[in-house]
Amino acid sequence: MNHENQLQNKITVIDKEVTWDKTQVIMSKTNAFGIIEYANEVFVDVSGYEDYELMGQPHNIIRHPDMPKVIFKVLWENLKQGKNFHAIVKNLAKSGRYYWVITDFEIAKDENGVIVNYFGRRQAVPHEVISLHIEPLYRKLLQIEAASGVEFSEKYLIGFLEEKKRSYVEYIKELILEHEKSQSKFVQYEQQLLEEDEEEERGFFRRLFNR
Ligand SMILES: Cc1cc2nc3c(=O)[nH]c(=O)nc-3n(C[C@H](O)[C@H](O)[C@H](O)COP(=O)(O)O)c2cc1C
């Protein structure tokens, strides 16, 4: 058992979210094997680890047991090919709490085109996207993995996405975009109601005083 597993095994998972500033970007840099070489202050704050506990550790130090293996399989397939990948990931803080993020990667290669570093940026994901779409999907994938292994969770994921006629990245981007649209519609609607209220109020005062 390596040091990382020892750390992970000590953690008791708590079904509570980390409280964090969701406008911030959580950033880390790894070598080609996913060993952490740098983590920004936000990473340290949100994960609850000290810098010295993170550096030199595999990135799965923050792996949450609710995450299906297949998502990391697809993530690494893309990264190793030098392709960026967006994934929605539930991470495990040292406290045992969780935090959901969406990833964005940059890949650094040497002069021979060999990958030397990965840079991972993560941002918060709207709660509704997680609770309505991602949690139910990941729960299914996890159950399939427990029963029949990652080979079949991958088949399920492929079937699920085929039905939606989307790749995984297209699917999650669309979920976030749809959410943002509904939010701006909601804001516009709220604004409209407010304006109508103000108009009504003006009418009310006019009626009251200007007769
Ligand atoms: C730059 C970079 C950032 C990563 N960020 C995360 C992350 O935030 N959470 C996570 O669970 N895995 C992350 N991973 C993937 C991990 O390396 C690992 O594959 C994952 O935690 C699953 O663990 P496992 O491969 O041991 O099953 C990242 C990998 C790289 C290269």
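The shown structure was predicted, so the numbers you read here are calculated from the model rather than taken from an experiment.

Undergrad: Talk me through the overall build of the protein; I want residue IDs and the actual numbers.
TA: When helices and strands are counted, the protein shows seven helices and five strands. Sequence-ordered secondary structure for the protein, helices as α and strands as β, is α-β-β-α-α-α-β-β-β-α-α-α. Over its C-alpha trace the protein gives a radius of gyration of 22 Å, far above what one expects of a compact globule, namely 17 Å for 211 residues. If one aligns the C-alpha atoms of the protein with their principal axes, the spans along those axes are about 85 × 40 × 40 Å. Within the span of the protein, comprising 211 residues, buried residues form 21% of the whole. Looking at the protein alone, contacts between residues at least 24 apart form 54% of all its contacts between residues at least 6 apart.

Undergrad: I'd love a proper account of the sheet that holds strand β2 (residues 36-39), names of residues and values included.
TA: The strand order β2-β1-β5-β4-β3 describes an open sheet built from five strands, whose pairing is antiparallel. Two strands in the sheet have a free side with no partner beyond their single neighbour: β2 and β3 (88-92). In this sheet, neighbouring strand axes are inclined to one another by 35° on average, regardless of whether the strands run parallel or antiparallel. In the sheet, β3 pairs with strand β4 (residues 98-109) via five bridges, with the strands oriented antiparallel. Pairing of Ile-88 across the sheet is with Ile-102, part of β4.

Undergrad: Can you explain the confidence of the model for the protein? Please cite residues and give values.
TA: For the protein, per-residue confidence averages 91 on the pLDDT scale, and 90% of positions sit at 70 or higher. With pLDDT under 50 throughout, residues 1-6 is counted as low confidence; its partners more than four residues away or in other chains account for five contacts.

Undergrad: Residue-level account of the site of the ligand, with values.
TA: Taken together, 16 residues lie near the ligand, and Gly-34, His-59, Asn-60, Arg-63 and Gly-120 sit nearest. Going through the elements one at a time, β1 (26-31), α4 (69-80), β3 and β5 (115-124) are the ones with two or more residues in the shell around the ligand. When residues in the shell around the ligand are grouped by element, the largest group, four residues, is from α4. Tallied by class, the residues present in the shell around the ligand amount to six nonpolar, seven polar and three charged.

Undergrad: Just give me the short version of helix α5 (residues 127-148), but keep the residues and values in it.
TA: With 22 residues, α5 ought to run about 32 Å at 1.5 Å a step, and its terminal C-alpha atoms sit 30 Å apart, in line with that. The complete set of buried residues in α5 reads Val-129, Ile-134, Tyr-138, Leu-141 and Ile-144. Looking one or two residues beyond α5, the residue adopting positive phi is Gly-149, at roughly 95°.

Undergrad: Explain unusual backbone geometry residue by residue, including any values.
TA: Despite not being glycine, Lys-165 has its phi angle at roughly 55°, a positive value. Turning to its location among the elements, Lys-165 is positioned in the loop between α6 (150-164) and α7 (168-209).

Undergrad: Explain the nonpolar core residue by residue, including any values.
TA: Side chains of nonpolar character tend, in soluble globular proteins, to be buried together. Grouped together as the largest cluster of nonpolar side chains are 31 residues, with contacts concentrated most on Ile-88, Tyr-99, Trp-100, Val-101 and Val-125. Where this core is concerned, the elements lending two or more residues are β2, α2 (41-47), α4, β3, β4, α5 and α7. Among all residues touching Ile-88, those that are not within four sequence positions of it are Trp-100, Ile-102, Val-125, Ile-134 and Ile-172.

Undergrad: Please provide a residue-by-residue account of the environment of Ala-124, values included.
TA: With respect to the helices and strands, Ala-124 occurs in strand β5. With 18 C-beta atoms packed within 10 Å, Ala-124 lands in the partly exposed category. Distance in space between the C-alpha atoms of Ala-124 and Ile-102 is 6.3 Å, their sequence separation being 22 residues. If we ignore the near neighbours within four places in the chain, the residues touching Ala-124 are Lys-22 and Val-101.

Undergrad: Describe α4, and please don't skip the residues or the numbers.
TA: For α4, with twelve residues, the first-to-last C-alpha span of 17 Å sits near the 16 Å given by 1.5 Å per residue. Along its buried surface, α4 packs onto β4, β5, α5 and α6. Taken from the residues just after α4, Gly-82 is the one with a positive phi, measuring 80°.

Rules used in this analysis
- Residues numbered from 1 in each chain as written.
- Predicted model: local features only at pLDDT ≥ 70, side-chain atom pairs only at ≥ 80, totals over all residues.
- Helix = DSSP H or I, 4+ residues; strand = E, 2+ residues; numbered from the N terminus.
- Rg over C-alpha atoms; globule rule 2.2 N^0.38 Å.
- Buried ≥ 20, exposed ≤ 12 C-beta atoms within 10 Å, placed from the backbone.
- Contact = placed C-beta atoms within 7 Å.
- Pairing = 2+ DSSP bridges.
- Axes fitted to C-alpha atoms, helices over the stretch in contact; angles between N-to-C directions.
- pLDDT = per-residue confidence, 0-100.
- Near = placed C-beta within 6 Å.
- Nonpolar A, V, L, I, M, F, W, Y, C, P; charged D, E, K, R; others polar.
- Expected span 1.5 Å × (residues − 1).
- Core = buried A, V, L, I, M, F, W, Y, C linked by C-beta atoms within 7 Å.

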